[in-house]
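The lines below spell out each chain.
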Amino acid sequence: MNQFQYLRPTKQQAAIEALARTPNAQFIAGGTNLLDLMKRGVLEPPRLIDINRLPLGKIERDNGRLRIGALALNGAVAEDKQVLERQPLLAQALNAGASAQLRNMATVGGNMLQRTRCSYFYDTAMPCNKREPGSGCGALEGYNRMHAIFGFSDKCIAVHPSDMSVALVALDATVLISGPKGDRRLPFADLHRLPGDTPQKDTNLEPGELITAVEIPDGPFTKNVHYLKVRERASYAFALVSVAAALSLDGNTIKDARLAMGGVAHKPWRLAEAEKSLIGKPATEATFRQAADIAMQGAKAFKHNSYKLRMAPNSIIQALKNAASVA
Ligand code: SF4
């Protein structure tokens, strides 16, 4: 691991200024991903700014929105009474992620900013455009079993690993950001980006910006929700495919719907057209199958991940069935 300077500011502005002063400096909170990256030599930040002393850990409801501070721990959010009552889909997605030990260290801000788990990204002996722009993509012609079926480019086919983020994109969340130019709000759907020609950029954050909170508007999705995660073992594995499904039902008729997938793209993958196809229809397998067909339009597999072309629609159908059947 490289040598680095370590700062522990108590004021938000001091943290932002400390980041801006040093190129490639990093904020650290739970450190559950960043420390792995540093130990493997993937990242070598000259300065770490520990933000754990900033007052950003609250979970509160205000003006029809649930605001979750960026330093709230994943485990605490998943067990919070307001989250369970108002946004059970988020609680399910959080509990599907990592292990209990990691959920008690990892923060909400860190969860959404975690890096891809593409094995070529972590192996500094291999080419990777995300780690070293212009070096090539080891996964493109390599072992790409875990990789994307939507939104990839010829520069990068990695997927975003967060479960929490799949629920947040489905729930129309907003990210609150503070930076050298002041405060701003960003729709969660615009936080993460597709790789294009610059896969080294995971997000649309500007240099020096700090995520301070995420807000989720109150909605009708308090009961018929399901987060389905398909993975290779029952605990502590990243999704092969995941689905966040939320329905608002009037009897057996779908009044409103939210649908997003994880494990399939460089960002949490919202399925807006499939959602529209559900509205006004009966909550039946035929309706869900039609939505899954729409969701899969444009999907394309690589040598080792063609199984996702069947796993993804089957997961959508199953997640919607599970959501509809909550009594
Ligand atoms: Fe790197 Fe992306 Fe290629 Fe993986 S898929 S090797 S992260 S460029």
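Quantities reported herein were computed from a predicted structural model and do not represent experimental measurements.

1. So, the overall build of the chain
Consideration 1: Each helix and strand in the chain was counted, giving 12 helices and 12 strands.
Consideration 2: For 327 residues, the compact-globule estimate of 2.2 N^0.38 gives 20 Å, and the chain sits close to it at 19 Å.
Consideration 3: Looking at the chain residue by residue over its 327 residues, the buried ones come to 54%.
Consideration 4: Counting every atom, the chain has about 14500 Å² of accessible surface; 49% of that belongs to carbon and sulfur.

2. Looking at unusual backbone geometry
Consideration 1: One non-glycine residue, N63, adopts positive backbone phi at about 55°.
Consideration 2: Take N63: it is sitting in the loop between β4 (59-62) and β5 (65-69).
Consideration 3: Given the relative accessible area of 74%, N63 is considered exposed.
Consideration 4: Of note in this structure, A98 is not a glycine but carries a positive phi near 55°.
Consideration 5: Structurally, A98 is set in the loop between α5 (88-96) and α6 (100-103).

3. A closer look at the pairing of strand β7 (residues 182-187)
Consideration 1: Two strands pair when backbone bridges link them, and strand β6 (residues 174-179) and β7 are joined in this way by 6 bridges, in the antiparallel orientation. Among the inter-strand pairings, G179 is bridged to a residue of β7, identified as G182.
Consideration 2: From the end of β6 to the start of β7, which pair antiparallel, there are 2 residues.

4. Concerning the pattern of salt bridges
Consideration 1: Using the criterion set out here, one finds 22 salt bridges in the structure.
Consideration 2: Across the pair D172 and R270 runs a salt bridge, and its minimum N-O distance is 2.8 Å. Linking D172 in the loop between α9 (164-170) and β6 with R270 in strand β12 (residues 269-270), this pair joins segments that are 98 residues apart in sequence.
Consideration 3: The partly exposed category is assigned to D172, whose relative accessible area is 37%.
Consideration 4: Taken together, the salt bridges that share partners define one network made up of E60, D62, R65, R67, R185 and E215.

5. A short note on the site of the ligand
Consideration 1: Around the ligand, the structure places 14 residues, and the nearest of them are C118, C128, C137, C156 and I157.
Consideration 2: Its residues assigned to classes, the shell around the ligand shows 9 nonpolar, 3 polar and 2 charged.

6. What about the packing of aromatic side chains?
Consideration 1: Applying the stated criterion across every chain, the model contains 3 aromatic pairs.
Consideration 2: Taken together, a centroid distance of 5.3 Å and an interplanar angle of 20° make the contact between F150 and W269 stacked. Taken together, the residues span a long stretch of sequence, with F150 in the loop between α8 (119-122) and α9 and W269 in strand β12 at a distance of 119 residues.
Consideration 3: Measuring from centroid to centroid gives 4.7 Å for F152 and F302, while their planes differ by 65°, and the two rings are edge-to-face. Separated by 150 residues along the polypeptide, F152 in the loop between α8 and α9 and F302 in the loop between α11 (285-295) and α12 (308-324) bring together distant segments of the chain.
Consideration 4: Judged by its relative accessible area of 25%, F152 falls in the partly exposed class.
Consideration 5: One residue, R145, lies across the ring of Y307, its end atom 5.2 Å from the ring centre.
Consideration 6: Positioned over the ring face of F302 is K300, at 5.0 Å from the centre of the ring.

7. Some thoughts on the sheet that holds β12
Consideration 1: One open sheet holds the 4 strands; their spatial order is β9-β10-β11-β12, and the pairing between them is antiparallel. Only two strands of the sheet have a single neighbouring strand rather than two, namely β9 (225-230) and β12.
Consideration 2: Here 9 bridges tie strand β10 (residues 241-250) to strand β11 (residues 253-262), and the two strands are oriented antiparallel to one another. By the bridge assignment for β11, L247 is matched with A257.
Consideration 3: Each of β9 and β10 touches α5; the most contacted strand, β9, lies at about 20° to it.

8. A word on the side chain of N144
Consideration 1: Along the chain, N144 turns up in the loop between α8 and α9.
Consideration 2: On the basis of relative accessible area, N144 is assigned to the buried category, the value being 1%.
Consideration 3: Among the polar contacts listed, one links the side chain of N144 to the backbone oxygen of A139, at a separation of 3.1 Å.
Consideration 4: In this structure the side chain of N144 is engaged in a polar contact, spanning 3.3 Å, whose partner is the backbone oxygen of L140.
Consideration 5: If near-sequence neighbours (up to four positions away) are discounted, N144 is found in contact with A139, I157, F302, K303, H304 and N305.

Conventions used here
- Residues numbered from 1 in each chain as written.
- Predicted model: local features only at pLDDT ≥ 70, side-chain atom pairs only at ≥ 80, totals over all residues.
- Heavy atoms only, no water.
- Helix = DSSP H or I, 4+ residues; strand = E, 2+ residues; numbered from the N terminus.
- Rg over C-alpha atoms; globule rule 2.2 N^0.38 Å.
- Buried < 20%, exposed > 50% of the residue type's maximum accessible area, 1.4 Å probe, protein only.
- Areas by Shrake-Rupley, 256 points an atom, 1.4 Å probe, with all protein chains shown as cover.
- Pairing = 2+ DSSP bridges.
- Salt bridge = Lys/Arg side-chain N within 4 Å of Asp/Glu carboxyl O.
- Near = heavy atom within 4 Å.
- Nonpolar A, V, L, I, M, F, W, Y, C, P; charged D, E, K, R; others polar.
- Phe/Tyr/Trp six-rings, centres within 6.5 Å; stacked < 30°, edge-to-face > 60°.
- Lys NZ or Arg CZ within 6 Å of the ring centre and 35° of its normal.
- Contact = heavy atoms within 4.5 Å.
- Axes fitted to C-alpha atoms, helices over the stretch in contact; angles between N-to-C directions.
- Polar contact = N/O pair within 3.5 Å; in protein donor to acceptor, adjacent residues only side chain to side chain.

Remember that the coordinates give geometry; whether it matters functionally is a separate question.
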